[in-house]
Amino acid sequence: MEKITIKGSRKPVSRLIKGTDYFRHDNYDQVVTNLNAFLAIGGNTIDTAHIYCGGQSEEVIGRYLKEMNNRDEIVIFTKGAHPDRTGARVHKAAIDHDLSVSLERLGTDHIELYGLHRDDPSVPVEHIIEALNEHIDAGRIGAAGASNWTWERIQEANHYAKTNGLQGFTFSSPNLSLAKAKEPFWHGCVSVDEATSKFHEQTQIPVLSWSSQARGFFTGRYTPEITDNEDLVRVFYNDDNWERLRRAEELAKKKGVTTIQIALAYVLSQAYPTCALIGAQNPAELESCQRGAEIQLTREEVEWLDLSANSIHQ
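Residues numbered from 1 in each chain as written. Predicted model: local features only at pLDDT ≥ 70, side-chain atom pairs only at ≥ 80, totals over all residues. Heavy atoms only, no water.

## Here we look at the overall build of the protein chain
- The helix and strand inventory of the protein chain stands at 11 helices and 10 strands.
- Against the 2.2 N^0.38 benchmark of 20 Å for 314 residues, the protein chain shows a C-alpha radius of gyration of 19 Å, consistent with a compact globule.
- In terms of overall dimensions, the protein chain has C-alpha extents of about 50 × 45 × 35 Å along its principal axes.
- Across the 314 residues of the protein chain, 56% fall into the buried class.
- Looking at the protein chain alone, contacts between residues at least 24 apart form 77% of all its contacts between residues at least 6 apart.
- Total accessible area on the protein chain is roughly 14,200 Å²; 47% of this is exposed by carbon and sulfur atoms. (Helix = DSSP H or I, 4+ residues; strand = E, 2+ residues; numbered from the N terminus. Rg over C-alpha atoms; globule rule 2.2 N^0.38 Å. Buried < 20%, exposed > 50% of the residue type's maximum accessible area, 1.4 Å probe, protein only. Contact = heavy atoms within 4.5 Å. Areas by Shrake-Rupley, 256 points an atom, 1.4 Å probe, with all protein chains shown as cover.)

## A closer look at the layout of surface pockets
- Each pocket or cavity is described by its volume, and for the largest pocket that value is around 1,000 Å³.
- Taken together, 38 residues form the lining of the largest pocket, with Asp21, Ser211, Arg215, Ile278 and Gly279 sitting closest to its centre.
- Among the elements of the structure, strand 10 (274-278) and helix 10 (283-294) are those that each provide at least two residues to the lining of the largest pocket.
- Looking at the lining of the largest pocket element by element, the count peaks at four residues for helix 10.
- Of the residues in the lining of the largest pocket, the class split is 15 nonpolar, 15 polar and eight charged.
- In this structure, the second largest pocket spans a volume of roughly 450 Å³.
- Forming the boundary of the second largest pocket are 19 residues, of which Glu194, Ser197, Tyr266, Asp306 and Ser308 lie nearest the centre.
- Mapped onto the lining of the second largest pocket, the elements with two or more residues apiece are helix 6 (194-203) and helix 11 (299-305).
- Broken down by element, the lining of the second largest pocket gets its largest block of residues, four residues, from helix 6. (1 Å grid on protein atoms, 1.4 Å probe; cavity = no way out; pocket = protein on both sides within 12 Å on 5 of 7 lines; lining within 4 Å. Points joined across faces, edges and corners; volume = space filled by probe spheres on them. Nonpolar A, V, L, I, M, F, W, Y, C, P; charged D, E, K, R; others polar.)

## Overview of helix 6
- Among all positions in helix 6, only Thr196, Ser197, Phe199 and His200 are buried. Relative to the axis of helix 6, the buried residues are bounded by an arc of 160 degrees and lie together on one face. Along helix 6, the residues that are exposed and aim more than 90 degrees away from the buried face are Glu194 and Gln202.
- Along its buried surface, helix 6 packs onto helix 5 (151-163), strand 8 (171-173) and strand 9 (207-209).
- Phi turns positive one or two residues past the end of helix 6, at glutamine 204, with a value near 60 degrees. (Arc of directions from axis to C-beta.)

## Considerations on the packing of helix 1 (residues 28-40) against helix 2 (residues 56-68)
- In contact at an axis separation of 11 Å, helix 1 and helix 2 are set at 65 degrees when each is read in the N-to-C sense. Read as a crossing pair, helix 1 and helix 2 show a hand that is right-handed. Seen from helix 1, the contacting residues are Tyr28, Val31, Val32, Leu35, Asn36 and Leu39; seen from helix 2, they are Val60, Arg63, Tyr64, Glu67 and Met68. (Axes fitted to C-alpha atoms, helices over the stretch in contact; angles between N-to-C directions. Left-handed = near helix turned anticlockwise from the far one by under 90°.)

## Looking at the packing of aromatic side chains
- Applying the stated rule across the entire model yields 13 aromatic pairs.
- Look at phenylalanine 217 and tryptophan 242: their rings are 4.9 Å apart centre to centre, the planes differ by 35 degrees, and that puts the pair in the tilted class. Placement of phenylalanine 217 in the loop between strand 9 and helix 7 (230-236) and of tryptophan 242 in helix 8 (residues 239-255) is noted, with a sequence separation of 25 residues between them.
- Pairing tyrosine 237 with tryptophan 242 gives two aromatic rings, centres 4.8 Å apart and planes at 70 degrees, and the pair type is edge-to-face. In terms of burial, tyrosine 237 and tryptophan 242 fall into one category: buried.
- Put simply, the rings of Phe185, Trp186, Trp210, Phe217, Phe218, Phe236, Tyr237 and Trp242 touch in pairs and so form one group of aromatic residues. (Phe/Tyr/Trp six-rings, centres within 6.5 Å; stacked < 30°, edge-to-face > 60°.)

## A closer look at the pairing of strand 7 (residues 141-147)
- The buried count for strand 7 comes to seven of seven residues, which makes it a mostly enclosed element.
- Crossover strand 6 (residues 111-116) to strand 7 through helix 4 (residues 125-137) is right-handed.
- By the bridge criterion, three bridges tie strand 7 to strand 8 in an arrangement that is parallel. Bridging from a neighbouring strand, alanine 146 pairs with serine 172 of strand 8.
- Handedness of the β-α-β unit built from strand 7, helix 5 and strand 8 comes out right-handed. (Right-handed = clockwise from strand over helix to strand, strands pointing away. Pairing = 2+ DSSP bridges.)

So yeah, pure geometry; function would need other evidence.
Encoded structure:
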C-alpha cells in the first residue's frame, strides 16, 4: 500500500487509515481479526480518539499492541480536546490531560500523529501551539494536527509557529468526500470546500479524511426517494450530489470497478497528499477499500466527478 510522509512522524503513513470507533472489549476477537487483515494489505496507521467508545477504543488498541508486540510497526493517530458537557476544551489543561490518559490507555510513550479533535476560535492560536510544542519537545507527540479546523485557523496557527520557531500543524483531518456536505455532520465539524482544497494544494499539508466514502452515499442503497436515513438526507441530499453519484456510476462502469471504489479513489487522487479513514469491518469491505485505493484518477476525471469540468478529456 502506498504511504505518505507527514512532517514530525518518524514513520510513513498508509493511504488507508483504519477507523476504530467500534473497538470495544466485548468484540476484541473482531478487533484482532480486522487489524491483522489491515496490516496484511500493507496498512500501518490506526485512527482513534480519547472519546471513542468511552475510552475503550484506545484501551483495546493498547491491549492489541502489547499482545502482538508490534508497536514499532504501527502509526497511531489519536485525538484529544473534544468538547464535553461544559463546552469547548481546546486549552492547555485539556490537551495535557487527554494526551496523558491516551498514552496510558495505549500503553505507549509517544503518539506519531496527535490531532485536536475540535477548535475553539475564542482561544488564541499561540496558546494552543505552545501547549502542543511542549509535548513535541518532550517526545510525546511526533506530528501535531488539526481535526475539524478551518483552513484559516490552521494558516493562522502555522504563521505563529513559523514566526516563533515552533512546529505548527503538519496535517489536517476534516471530512473530504466526493459528496459535498450541505451542513456539518455534527456541531463543530468541518468539510473540505473549494477554498480549503486550494489551501491544501498551495501548502501541500496532508488531509486525513474522515467519512471519506460519504457514510454509504455511494453504495447504491440510496436514491432521492429513500429518506429513512435522516443524517444522510440532511447532509448530502441535493441535486449536485445526485449528479456526482451518477457520474461516479458512469466512471465505475467504464473502469470495471464499483461506484464506492470510485468515491474512495476521488479522495486519494487530489492535488495534495491525502489519506482516507476507512470503517471496513469485514473482509469484503476491506478488499473493496484496497481495490479503491489502487485506482488512479486523472486530474480531468477528478474535476469531472466534482462538477468542476463539463467532460472527461480523453
